[in-house]
Amino acid sequence: DRARLAALAAAQEDADVASSKAYASSAGAISGRAGIAIKYALKQIGDRYVFGSAGTVTWDCSGLTMRAYQAAGVSLPHSSAAQSRYGRKVSLNALKPGDLIFFGRPISHVGIYLGGGKMVHAPRSGSRVKVVSDARHSMGRKALVAARRF
């Protein structure tokens, strides 16, 4: 039964990565730092999650956002909680592509908002960098709690 569940999880990951790559190839042009960060993050789709990693082959959530914004000239620490104190605070009802969105109390996850409810992120061990279509509810019990803009 474990082998069957593992196979199902692997198939779901493969499907998630395929749909994420399809989204990335059709993503609209966004200018400025946000656009640079988004393009960088989307190029990492399919890379594996490893806790504490900051690229260039494996990522954790804050490592991905740190490097994506570094490509855009913004220096961020390698911690989702610390990143939540940088940039300009944004209302969760006024999100724009490129905003960093934070989850959990205390904050323990970060992704890059893409617009239309989507985000790109490195979700957890056993997963890969991907785009999710329902950012607000993608982290299970971890609520969306904050956003920052650069």
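Further up the page is the structure itself.
Residues numbered from 1 in each chain as written. Predicted model: local features only at pLDDT ≥ 70, side-chain atom pairs only at ≥ 80, totals over all residues. Heavy atoms only, no water.

K.L.:
Could you give an account of the overall build of the protein, naming the residues involved and the relevant values?
P.N.:
Looking only at helices and strands, the protein has 4 helices and 8 strands in total. Helices and strands appear in the protein in the N-to-C order α-α-β-β-α-α-β-β-β-β-β-β. With respect to the three principal axes, the spread of C-alpha positions in the protein is 50 × 35 × 30 Å. Counting over 150 residues, the protein shows a buried share of 45%. Restricting to contacts in the protein with at least 6 residues of sequence separation, those with at least 24 account for 56%. Total accessible area on the protein stands at roughly 7,700 Å², and carbon and sulfur atoms take up 52% of it. Treating the 22 positive side-chain charges of the protein as one cloud and the 8 negative ones as another, the clouds have centres 10 Å apart. (Helix = DSSP H or I, 4+ residues; strand = E, 2+ residues; numbered from the N terminus. Buried < 20%, exposed > 50% of the residue type's maximum accessible area, 1.4 Å probe, protein only. Contact = heavy atoms within 4.5 Å. Areas by Shrake-Rupley, 256 points an atom, 1.4 Å probe, with all protein chains shown as cover. Lys, Arg positive; Asp, Glu negative; His and termini not counted. Charge placed at Lys NZ, Arg CZ, Asp CG, Glu CD.)

K.L.:
Tell me about the nonpolar core, and please be specific about residues and values.
P.N.:
Formed by 27 residues in total, the largest nonpolar core has its most connected members in Leu42, Tyr69, Leu100, Ile112, Val120 and Val129. Those elements that provide at least two residues to this core are helix H2 (32-42), helix H3 (61-71), strand E4 (100-103) and strand E5 (109-115). Ranked by size, the runner-up nonpolar core spans 11 residues in total, among them Phe103, Met119, Leu144 and Ala147. (Core = buried A, V, L, I, M, F, W, Y, C linked by side-chain atoms within 4.5 Å.)

K.L.:
How would you explain the side chain of serine 80 if you had to name every residue and give the values?
P.N.:
Along the chain, the position of serine 80 falls in helix H4 (residues 80-83). Beyond its immediate stretch of four places on either side in the chain, serine 80 contacts Cys61, Ser62, Phe102, Ile107, Ser108, His109 and Val110.

K.L.:
How would you summarise the sheet that holds strand E8 (residues 144-149) if you had to cite specific residues and measurements?
P.N.:
With respect to topology, 6 strands assemble into an open sheet ordered E3-E8-E4-E5-E6-E7, the strand pairing being antiparallel. Of all the strands in the sheet, the pair left with one neighbour each is strand E3 (88-89) and strand E7 (130-132). Pairing geometry for E5 and strand E6 (residues 118-121), over 3 bridges, is antiparallel. Note that in E6 the partner of glycine 115 across the bridge is lysine 118. Along the sheet, H2 contacts E5, E6 and E7; its crossing angle with E5, the most-contacted strand, is approximately 110 degrees. Contacts from H3 reach E4, E5 and E6, with the element oriented near 50 degrees to E5. (Pairing = 2+ DSSP bridges. Axes fitted to C-alpha atoms, helices over the stretch in contact; angles between N-to-C directions.)

K.L.:
Residue-level account of the pattern of salt bridges, with values.
P.N.:
One pass over the structure, following the stated rule, counts 4 salt bridges. Ionic pairing is found between arginine 4 and aspartate 1, a salt bridge with its closest N-O pair at 3.2 Å. Judged by relative accessible area, arginine 4 falls into the partly exposed class, the value being 47%. Residue lysine 130 is joined to glutamate 13 by a salt bridge in which the shortest nitrogen-to-oxygen separation is 2.7 Å. Here the residue lysine 130 occupies a position in strand E7, and glutamate 13 occupies one in helix H1 (residues 2-26), the gap between them amounting to 117 residues. With a relative accessible area of 4%, lysine 130 lands in the buried category. Taking relative accessible area as the criterion, glutamate 13 reaches 8% and is therefore assigned buried. (Salt bridge = Lys/Arg side-chain N within 4 Å of Asp/Glu carboxyl O.)

K.L.:
Give a description of the pairing of E5 that names residues and reports values.
P.N.:
The buried fraction of E5 amounts to 7 of the 7 residues, a majority that puts the element mostly inside the structure. Note: E4 against E5, 4 bridges, orientation antiparallel. By the bridge assignment for E5, isoleucine 101 is matched with glycine 111. Counting the residues that bridge the hairpin from E4 to E5 gives 5 residues, and of these glycine 104 lies at a positive phi of roughly 95 degrees. Linking E5 back to E6 in an antiparallel pair, the connection comprises 2 residues, with glycine 116 at a positive phi of about 60 degrees.

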